[in-house]
Amino acid sequence: MVKSVLAFGQNGVSDWLWQRISAVILALYFSFIFVYIVLHPGLDYAMWQALFHHTAMRIFTLLALLGLVIHSWIGIWTVITDYIKCFCLRLFLQIVIVLALVVYLFWGIQILWGV
Amino acid sequence: MSQAMSEIKFSIYRYNPSIDAKPYMQDLSLSIEQGTDLMVLGALKKLKELDETLTFRHSCGEGVCGSDAVNVNGKNRLCCITSVSELTQPIVLRPLPSLPVIRDLVVDMTQFYQQYEKVEPYLQNDTPAPAIERLQSPEDRAKLDGLYECILCACCTTACPSYWWNPDKFVGPAALLQASRFISDSRDTAKSKRLTDLEDAYSLYRCRSIMNCADVCPKGLNPTQAIAHIRTEMIKEGV
């Protein structure tokens, strides 16, 4: 079988594993954010900025950003290859989505280190 | 004294490509003695006595050969082991989903068998053959339970949405159950090649664990679990 050129990984095994790894990272990250918001009822900008000023938080957020990119790349690629049979539309959507995800990643990093 | 009769209503998919422009559903009914029951296959045979053009496959009539798999009230089942009394009426009979229809309830299974061939469903061993036979411990033999019993009726594969979307690339639950059967066999030495053959994004990984396969299997097998076992073996081999 011809390799799926616009898929995230080398093969189905690596895509499957990365999708699960990224899911765990995202679950941990959003659980942490949720708990943080619940524990800080009077949350203001200064506290929020202080939180994202920590190197550990920046690394955690970067991991979550990477996780989001990987998770959506694999997931959306699968949905597109299941449901969109027209070659031109499939190619166009795959390229647009992959480029958008890469842009979001770099934009996210810029925002994160700009805090 | 005449016996009281009860009526069973059917709605059956009919299509004869040499006569019909398109398929249609035909309403039929059958009278049976009140208090008696019969299998859907028995009912189909009686209906065929009334209309000999009604076409369906069947062979052993006891759930062993897998010839008479049909979609009954929306679920793939074997007609010969499904009793009429357990079904709500009208009993809707359609051919197995997603496979090309040859006529009425008879489908073309070619693609299903081609996918089955892909997993090389036979024992491969490159070591010299022993004088008598390749022995297997009872423990190793037990690993094949729940895998070898498949009768290739195609109930599972034709109930799988991943197979509906990619029938040419995704090998389907029935073939993957067989792949798992040979990957698990202590006498088979082609395990690594078998795993490599399935590692692309489609052959096995289109399985999204929907579990329609396990839900419909008339032999009570669990292809989803077999697929999960192959994945685990792949990750063990690849990490």
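1. Considerations on the domain arrangement of chain B
Residue and element names in this part refer to chain B.
Moving on, step 1. Domain parsing of chain B yields domain 1 (5-107) and domain 2 (110-238).
Moving on, step 2. Look at where the C-alpha atoms of domain 1 and domain 2 centre, and you get two points 30 Å apart.
Moving on, step 3. With 14 residues of domain 1 in contact, the opposing surface of domain 2 contributes 14 residues.
Moving on, step 4. No other element matches the 4 residues that strand S4 (residues 75-78) contributes to the side of domain 1 that touches domain 2.
Moving on, step 5. In terms of residue class, the side of domain 1 that touches domain 2 is made up of 8 nonpolar, 4 polar and 2 charged.

2. Side note on the sheet that holds S4(B)
All names here are of chain B.
Moving on, step 1. The strand order across the open sheet built from 5 strands is S2-S1-S5-S3-S4, with neighbouring strands paired in mixed fashion. Two strands lie at the open edges of the sheet, namely strand S2 (24-33) and S4, each paired on one side alone. Recorded for the sheet is a direction-independent mean angle of 35° between the axes of neighbouring strands.
Moving on, step 2. For strand S1 (residues 5-14) and strand S5 (residues 91-94), the ladder comprises 3 bridges, and the chain directions are parallel. Residue pairing across strands places Ile12 opposite Leu93, the latter belonging to S5.
Moving on, step 3. With respect to the sheet, helix H1 (residues 40-50) is in contact with S1, S2, strand S3 (69-72) and S5, its orientation differing from that of S2 by roughly 100°.

3. A word on the interface of chain A and chain B
Moving on, step 1. Contacts between the two partners involve 10 residues from chain A and, on the opposite side, 12 residues from chain B.
Moving on, step 2. Broken down by element, the side of chain A that touches chain B gets its largest block of residues, 5 residues, from helix H1 (residues 12-39) of chain A.
Moving on, step 3. Looking at the side of chain A that touches chain B, its residues break down into 5 nonpolar, 3 polar and 2 charged.

4. Concerning the pairing of S3(B)
Working note: regular strand, side chains alternate between the two faces of the sheet.
Residue and element names in this part refer to chain B.
Moving on, step 1. Summarising the sheet, S3 and S4 pair through 4 bridges and their orientation is antiparallel. Counterpart to Asn71 in the pairing with S4 is Asn76.
Moving on, step 2. Between S3 and S4, which follow one another and run antiparallel, lie 2 residues, and Asn73 among them has a positive phi close to 45°.
Moving on, step 3. Taken together, the 2 bridges between S3 and S5 define a ladder with antiparallel strand orientation. Paired with Asn71 across the strands is Arg94, a residue of S5.

5. Describing H1(B)
Residue and element names in this part refer to chain B.
Moving on, step 1. Three or more residues of H1 are buried, namely Val40, Leu41, Ala43, Leu44 and Leu47. For H1, the arc enclosing every buried residue in end-on projection is 155°, short of the 170-degree limit, so these residues lie on one face.
Moving on, step 2. If you follow the buried residues of H1, they end up packed against S1, S2, S3 and S5.

6. Some points on the nonpolar core
All names here are of chain B.
Moving on, step 1. Ala154, Leu176 and Ile230 are the most contacted members of the largest nonpolar core, which has 65 residues in total.
Moving on, step 2. Each of domain 1 (5-107) and domain 2 (110-238) contributes no fewer than three residues to this core.
Moving on, step 3. If we skip the residues at most four places from it in the chain, Leu176 touches Val171, Leu204, Pro223, Ala226, Ile227 and Ile230.

7. Thoughts on unusual backbone geometry
Residues and elements named next belong to chain B.
Moving on, step 1. Here Gln89 and Pro90 are connected by a cis peptide whose omega angle stands at -5°.
Moving on, step 2. Here Pro90 is to be found in the loop between S4 and S5.
Moving on, step 3. The residue Ser98 is not glycine, and still its phi comes out positive at about 80°.
Moving on, step 4. Relative to the assigned elements, Ser98 resides in the loop between S5 and strand S6 (101-103).
Moving on, step 5. Even without being glycine, Leu152 reaches a positive phi, approximately 55°.
Moving on, step 6. Looking at the secondary structure, you find Leu152 in the loop between helix H3 (138-142) and helix H4 (161-165).

8. Focus: helix H2 (residues 110-118) of chain B
Since the α-helix advances by 3.6 residues per turn, residues separated by three or four positions end up pointing in the same direction.
All names here are of chain B.
Moving on, step 1. Listing the buried residues of H2 in full gives Phe112, Gln115 and Tyr116. Take H2 and look down its axis: the buried residues cluster within an arc of 105°, on one side only. Turned more than 90 degrees from where H2 packs its buried face, Thr110 and Glu117 sit exposed.
Moving on, step 2. Elements that come into contact with the buried residues of H2 comprise helix H5 (172-183).

Reading the values: rules and limits
Residues numbered from 1 in each chain as written. Chains lettered and ligands numbered in written order. Predicted model: local features only at pLDDT ≥ 70, side-chain atom pairs only at ≥ 80, totals over all residues. Domains from an automatic or database assignment. Contact = placed C-beta atoms within 7 Å. Helix = DSSP H or I, 4+ residues; strand = E, 2+ residues; numbered from the N terminus. Nonpolar A, V, L, I, M, F, W, Y, C, P; charged D, E, K, R; others polar. Pairing = 2+ DSSP bridges. Axes fitted to C-alpha atoms, helices over the stretch in contact; angles between N-to-C directions. Buried ≥ 20, exposed ≤ 12 C-beta atoms within 10 Å, placed from the backbone. Arc of directions from axis to C-beta. Core = buried A, V, L, I, M, F, W, Y, C linked by C-beta atoms within 7 Å.

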